[in-house]
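Listed here are the chains, written in short residue letters.
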Amino acid sequence: MQFIKSTRSLCPECLCVVPATIYEEGGKVLMSKSCPTHGDYEELYWGDYAQYTRAESYAHLGRMMKNPRTEENKGCPHDCGVCPNHKSTTALGIIDVTNRCNLRCPVCFAHAGAAGYLYEPTFQQIRGMMENLMANDPVWTPALQLSGGEPTVREDLPELVELAKELGFVHVEVNTNGIRMAESPEYCRALKRAGVDAVYLQFDGVAPEPYMRARGFNLLPIKLRAIENLKNADFFSIVLVPVVIKGVNDGQIGDILRFAIDNRDCVRAVNFQPVSVTGRINRTDRKSMMITITEVMERAETQTGGLIKESDWYPVPSVKPLTDFLSAMKDECFVDFCAHPHCGMGTYLFMDGDEVQPIKRLVDVDQALEAFTRANEKLEKGDEILGKLELTASLLRNIKFRALSKYVSDVILHSDYLSLNRMHHKMVLVSTMHFMDPYNFDLDRVQRCVIHYATPDGRIIPFCTMNNIHRESVEKMYAQPITKDNVTPLYDVEALTRRILEEEKESHDTWFQDYVEPAITRGPE
């Protein structure tokens, strides 16, 4: 056993804060902790020690908020709001616009059926939450996700998107199960007109089995129709979001990536989310479900035949030299993405015609990051022209693929969100973000979280503390009883599926049939 660090965690039973130790044993990273009331716990933290230390080598501390919303009283994680101890700013703000949903997925942690009450902020409350996120100092929040529940059950969702754009959010995305998009092409067009930049689509695989086991229905035809309708509405930034559960869909990782590559004209990212169990669960059942970031990376390499190798992935804060450069060039603070290095990993697939390559095969990423670091040193001394010239020369030497050069040069020349967006749209982002549950909870990670919920009471709460600690208390402050007038019934998935299959059969859509017909023939296992 090799000691790594001491931290603090939670007891999975009573959620009290307890000391914890992170250590290496047998090539894995483990956490041990003990609650005076509920006993000892040993949890898998990261599946591979070598990748753990590699990710740690890219750690950076970001800017702290100059205007925290709460004071330090009870101590982390109970003072979230954010408190003065938080070590990062908001990269992505989330607003839950409702906890109503038209599905009842067993793996979901945020819907009215599970909570037993209705939580649905008013339009004006949501405006206040948006304004609060934009008031972050020194870095305003560029990206906003409207989430739930299922946000599309709100009839005023397009108006909320328009409001977000009016207030200055550069990127607005909707987190959805896709039912409303599959049901109505016009609804997709309405969201596009309102200003939605990306659709964050729950997508567990390209076969029926993962949906049958995780969602209770075969939702694959609905997912495909949603993508088809969104594409026809000129959406070119669909993010596929698989919740990865061991034994359910961890064998689908390669197939999902191939699906994204095949549909790269509209799919911009795949974000694998290892399942997070935020409630109480039998330890044996939990261990059979859990999968770590490094296991996702390993399966991606194996199941793509080495197209994406484990060494191609980088932790989120590795981009800090780039964001520092952008901040210096514009003389304003860009989001620095300084999450904890063990929160998530990612890579880019660069697309040029039929050629698909991980960005690390086209650019020496480490040398590029060093080039940005040297340029930042020049900029700090006032040598802007020299810094730009040296950076451009260094990057062009390290770029092995000319088609990428013009996009990198564009970023250096313009140094803005638009130039980054143009480069992003020539690539598919592949990432994995493992949100914490009470079993693997690490306060070091919480204090560097960059994904924050805005709440109606004026707080800004890190993702993992919201879902493990604060969600119920926040929602109950604004809760309404569930009545026959406000309940959202379970959607008739089977009727919509039958309609879609009949329509596709008549249209002879080969794209749809390539995925659905083999799945129907095979059927759920």
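Residues numbered from 1 in each chain as written. Predicted model: local features only at pLDDT ≥ 70, side-chain atom pairs only at ≥ 80, totals over all residues. Heavy atoms only, no water.

Description of the overall build of the protein chain
And step 1. Along the protein chain, the regular secondary structure elements total 21 helices and 17 strands.
And step 2. A compact globule built from 525 residues should have a C-alpha radius of gyration of about 24 Å, and the protein chain, at 23 Å, falls within 12% of that.
And step 3. The principal-axis extents of the C-alpha atoms in the protein chain amount to approximately 65 × 60 × 50 Å.
And step 4. Every one of the 525 residues in the protein chain was classed for burial, and the buried ones make up 57%.
And step 5. A separation threshold of at least 6 residues defines the contact pool for the protein chain, and within that pool the share at least 24 residues apart is 71%.
And step 6. Accessible surface computed for the protein chain: about 21100 Å², of which carbon and sulfur atoms make up 52%.
And step 7. Separation of charge centres in the protein chain, based on 58 positive and 73 negative side chains, amounts to 1 Å. (Helix = DSSP H or I, 4+ residues; strand = E, 2+ residues; numbered from the N terminus. Rg over C-alpha atoms; globule rule 2.2 N^0.38 Å. Buried < 20%, exposed > 50% of the residue type's maximum accessible area, 1.4 Å probe, protein only. Contact = heavy atoms within 4.5 Å. Areas by Shrake-Rupley, 256 points an atom, 1.4 Å probe, with all protein chains shown as cover. Lys, Arg positive; Asp, Glu negative; His and termini not counted. Charge placed at Lys NZ, Arg CZ, Asp CG, Glu CD.)

Considering the nonpolar core
And step 1. In terms of nonpolar packing, the biggest core is built from 85 residues, with Ile95, Met130, Leu146, Phe203, Leu240 and Phe272 touching the most fellow members.
And step 2. Apart from the residues lying within four places of it in its own chain, the contact partners of Leu146 are Ile95, Val97, Met130, Pro151, Leu157, Leu160, Val161, Val172, Glu173, Val174 and Asn175.
And step 3. With 26 residues, the next largest nonpolar core counts Ile94, Phe441, Cys449 and Tyr453 among its residues. (Core = buried A, V, L, I, M, F, W, Y, C linked by side-chain atoms within 4.5 Å.)

Describing the state of the cysteines
In protein structure, a disulfide is the covalent linkage between the sulfur atoms of two cysteines.
And step 1. Taken as a whole and judged by the stated rule, the model has zero disulfides.
And step 2. Cysteine Cys76 is unpaired, with the sulfur of Cys80 as its nearest cysteine sulfur at 5.7 Å.
And step 3. Look at Cys76 and you get buried, because its relative accessible area is 12%.
And step 4. Lacking any disulfide linkage, Cys333 is separated from the closest cysteine sulfur, that of Cys338, by 12 Å. (Disulfide = S-S within 2.5 Å.)

Concerning the pairing of strand E13 (residues 344-352)
And step 1. The element E13 is largely enclosed, with a buried count of seven among its nine residues.
And step 2. The pairing of strand E12 (residues 314-315) with E13 spans two bridges and is classified as antiparallel. If you follow Pro315 over to E13, its bridge partner there is Met345.
And step 3. In the sheet, E13 pairs with strand E15 (residues 427-433) via seven bridges, with the strands oriented antiparallel. Following the sheet pairing, Phe350 is matched in E15 by Met427.
And step 4. The sheet contact formed by E13 and strand E14 (residues 355-358) spans four bridges and is antiparallel. Residue Phe350 lies in a different strand from E14, and its bridge partner there is Gln357.
And step 5. Counting the residues in the hairpin turn of E13 and E14 gives two residues, including Gly353, whose phi is positive at 65°. (Pairing = 2+ DSSP bridges.)

Points about helix H1 (residues 49-56)
And step 1. For H1, the full list of buried residues reads Gln51, Tyr52, Arg54 and Ala55. The buried residues of H1 occupy one face: seen down the axis, they fall within an arc of 165°.
And step 2. Where H1 starts, the residue carrying a side-chain oxygen 3.1 Å from the main-chain nitrogen of Ala50 turns out to be Asp48. (Arc of directions from axis to C-beta. Polar contact = N/O pair within 3.5 Å; in protein donor to acceptor, adjacent residues only side chain to side chain.)

Examining the sheet that holds strand E3 (residues 28-35)
The strands making up a sheet are joined through hydrogen bonds of the backbone, oriented either antiparallel or parallel.
And step 1. Within the open sheet, the four strands sit side by side as E1-E2-E3-E4. Their pairing is antiparallel. Bordering the open sheet on either side are strand E1 (2-10) and strand E4 (39-46), each of which pairs with just one other strand. Strand-to-strand twist across the sheet, computed as the mean angle between neighbouring axes with direction ignored, equals 25°.
And step 2. Inspection of the sheet shows strand E2 (residues 17-25) paired to E3 by six bridges, in the antiparallel sense. Across the sheet, Thr21 pairs through a bridge with Ser32, a residue of E3. (Axes fitted to C-alpha atoms, helices over the stretch in contact; angles between N-to-C directions.)

Focus on the pattern of salt bridges
And step 1. All told, the structure shown has 29 salt bridges when counted by the stated rule.
And step 2. Here Glu186 and Arg193 are joined by a salt bridge, their closest N and O atoms 2.8 Å apart.
And step 3. The partly exposed category is assigned to Glu186, whose relative accessible area is 37%.
And step 4. Ionic contacts of the salt-bridge type, sharing partners, join the residues Arg225, Glu228, Arg499, Glu503 and Glu504 into one network. (Salt bridge = Lys/Arg side-chain N within 4 Å of Asp/Glu carboxyl O.)

Some remarks on the packing of helix H3 (residues 123-134) against helix H4 (residues 157-167)
And step 1. Relative orientation of the contacting elements H3 and H4 amounts to 30°, with a least axis distance of 10 Å. Overall, the two elements H3 and H4 adopt an arrangement that is roughly parallel. Crossing of H3 against H4: the hand is right-handed. Along the contact surface, H3 presents Phe123, Ile126, Arg127, Met130, Glu131 and Met134, while H4 presents Glu159, Leu160, Leu163, Ala164 and Leu167.
And step 2. Here the contact of H3 with H4 is composed, by residue class, of eight nonpolar, no polar and three charged. (Parallel < 35°, antiparallel > 145°, perpendicular 65-115°, else oblique. Left-handed = near helix turned anticlockwise from the far one by under 90°. Nonpolar A, V, L, I, M, F, W, Y, C, P; charged D, E, K, R; others polar.)

Examining the side chain of Asn249
And step 1. By the element assignment, Asn249 lies in the loop between strand E10 (243-244) and helix H9 (253-262).
And step 2. At 3.0 Å, the side chain of Asn249 forms a polar contact with the backbone oxygen of Val243.
And step 3. What Asn249 contacts, discounting residues up to four positions off in sequence, is Asp204, Pro210, Val243 and Val244.

Looking at the confidence of the model for the protein chain
Caution applies to low-pLDDT regions: their predicted coordinates should not be interpreted in detail.
And step 1. Summing up the model confidence of the protein chain, the mean pLDDT is 89 and the portion of residues at 70 or higher is 90%.
And step 2. Counted against residues more than four places away or in other chains, residues 520-525, with its pLDDT under 50, gives eight contacts. (pLDDT = per-residue confidence, 0-100.)

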